[in-house]
Amino acid sequence: MSERGLDAKIVDMAKELQGFTVEMRRDFHKHPETKFEEQRTSEIVENFLRDCGYATQRTAGTGVIGILECNTGKAKSTVALRADMDALNVEEQNDVSYKSTIPGKMHACGHDAHTAMLMSAAKIISSLKDHLVGTVKLVFQPGEEGGAGAKKVMDAGHLNDVDAIFGIHVWVELPSGVLATRKGPMMASSDGFEICITGKGGHAAHPHLTNDPTAPAADIYNAFHKLISRAVNPFFPAVITLPQLEASNGYNVIPDSVKMRGTLRTFDSDLRNKLMDHMRSITEHYAKGWGCNSSFELFRAPYPPLINNPDLVDFVTEALCMLGPVAEAEMTMGGEDFAFYTQKIPGAFLQLGIGNKEKNVIFPHHHPKFDIDEDVLWKGVAAYALIAYRYNPLS
């Protein structure tokens, strides 16, 4: 069969598996598991991969890697496809038959769809084994949502032999069915920082008898936002947000301490480091000026910016031509731990549009009413399978 004919067969198989893909997506949606708790999900995935002829390997605790050796005597290259599996601590507000059955937990970012799509792609890729060379690794990864699961996979060395890695994320900001990617920076770095300012509390009527930590906290809050307009080149995107503040429980009580949590997003690692130094200095000196002590710490692993390999973006654009033109994705300040892979492995990350106003699929990622247009899941399945086939076809 010609290469073009096999491409068409892959698309047809993806469409035939649409019902299975939706079924699995809904099953995972009903049973969400948050970071590093994906026991049920990983067990289903691992058993499925073994049934499809893959060797399996556990990674990062609750992650699973499926390994398919294909005519390895003819080539040594290894391609990896990644899907994340974890849900969020969000109480679902959708009234659907597949609504989350776990209170306070929900697949509000589409990882249920990613897992289901890569499972269906695994079935297709396995059926094409005789048409492939080298090794295909399917990475079902835990802990993307703040857990840096990708870093744990990389640190374990399970992808040391991988020559290229690809990932897909459903994207509500894109019209349903549109595929998009871009060369170079695509998603921002993501840091989570925590500030603690400790002073001396007391009665709100007698502030002169206290070292009020809310005074420097307010100054620090304002100073951080001034950094964007005064310490950053206007042509370099950066965001600092401090949405979480904990202080007094009483309107007339000055607290002993104030805690603030926020995030920093950039596309440039040097700028990120510069802003971090500024924030640490501002925190320390403002607190001292008010007679308080302070600390500035990161409370989770920092996510680097996601940088796509230009050559692999060209490859993806050509490999997926049967699915229609691949659009240029907009840069986003959202973070993605797929960036830990692209730090060390050439890679490309894609978006699959699932936004559909007619179906009321309009709510953003992480929203309690987030949902997806399931009718286009076959396209993600086909994209995964086409990438695996096109990367190492048997010539």
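Keep in mind it's a predicted model, so treat the numbers as computed, not measured.

Caption draft 1: Layout of the environment of C52. In this structure, C52 sits in the loop between α3 (39-51) and β1 (55-59). For C52, a relative accessible area of 12% puts it in the buried group. For the pair C52 and A122, spaced 70 residues apart in the sequence, the C-alpha separation amounts to 7.4 Å. Contacts of C52, omitting those with residues within four sequence positions, involve K123 and S126.

Caption draft 2: The arrangement of the pairing of strand β2 (residues 63-70) in detail. Within β2, 7 of the 8 residues are buried, which leaves it mostly tucked inside the rest of the structure. The pairing of β1 with β2 spans 5 bridges and is antiparallel. Within the sheet, the bridge partner assigned to T59 lies in β2 and is G63. Where β1 folds back onto β2 in an antiparallel hairpin, the turn is made up of 3 residues, including A60, whose phi is positive at roughly 50°. Bridge count between β2 and strand β4 (residues 134-141): 7 bridges; the pairing is antiparallel. Note that in β4 the partner of L68 across the bridge is V136.

Caption draft 3: Quick peek at the packing of aromatic side chains. Considering all chains together, one arrives at 9 aromatic pairs under this definition. Plain terms: the ring middles of F193 and F296 are 5.4 Å apart, the flat faces sit at 20° to each other, and that makes the pair stacked. Here F193 is found in strand β8 (residues 191-198), whereas its partner F296 is found in strand β13 (residues 293-298), with 103 residues between them in sequence. Overall, F193 belongs to the buried group, its relative accessible area being 0%. Consider the rings of F338 and Y341, whose centres lie 5.5 Å apart with planes at 75°: the pair is edge-to-face. Using a relative accessible area of 0% as the deciding quantity, one classes Y341 as buried. Chaining the aromatic ring pairs together yields one cluster made of F166, F315 and Y391.

Caption draft 4: Representation of the sheet that holds strand β12 (residues 257-266) in the model. Here we have 4 strands laid out as an open sheet, ordered β10-β12-β8-β13, and antiparallel in their pairing. The sheet terminates laterally at β10 (238-246) and β13, the two strands that pair on one side only. When the angles between neighbouring strand axes are averaged without regard to direction, this sheet yields 20°. Across 7 bridges, the pairing between β10 and β12 is antiparallel. Bridge assignment links T241 to a residue of β12, and that residue is T263. Across the face of the sheet, helix α6 (residues 214-230) comes into contact with β8, β10, β12 and β13 while running at roughly 165° to β10. Sheet strands touched by helix α7 (residues 269-289): β8, β10, β12 and β13. Its angle to β13, the strand with the most contacts, is close to 160°.

How each quantity is defined
- Here, residues in each chain are numbered from 1, in the same order as that chain's written sequence.
- In keeping with the predicted nature of the model, local features appear solely for residues at pLDDT of at least 70, side-chain atom pairs appear and are counted solely at 80 or more, and the whole-chain, interface and lining totals rest on all residues.
- With hydrogens and water stripped out, all remaining heavy atoms of the structure feed into the side-chain values.
- Put simply, DSSP H or I for four residues or longer makes a helix, DSSP E for two residues or longer makes a strand, and each gets a number counted from the N terminus.
- Any residue under 20% of the maximum accessible area for its type is buried, any over 50% is exposed, and the rest in between are partly exposed; the area is computed with a 1.4 Å probe on protein chains only.
- By definition in these notes, contact holds between two residues if any of their heavy atoms fall within 4.5 Å.
- Here a strand pair is declared whenever DSSP counts at least two bridges between the two strands.
- Two rings belonging to Phe, Tyr or Trp (six-membered ring only in the last case) form a pair when the distance between their centres is within 6.5 Å. Interplanar angles under 30 degrees mark stacking, angles over 60 mark edge-to-face geometry, and anything in between is tilted.
- Only the stretch in contact is used when a helix axis is fitted, and all axes are lines through C-alpha atoms; the angle between N-to-C directions ranges over 0 to 180 degrees.

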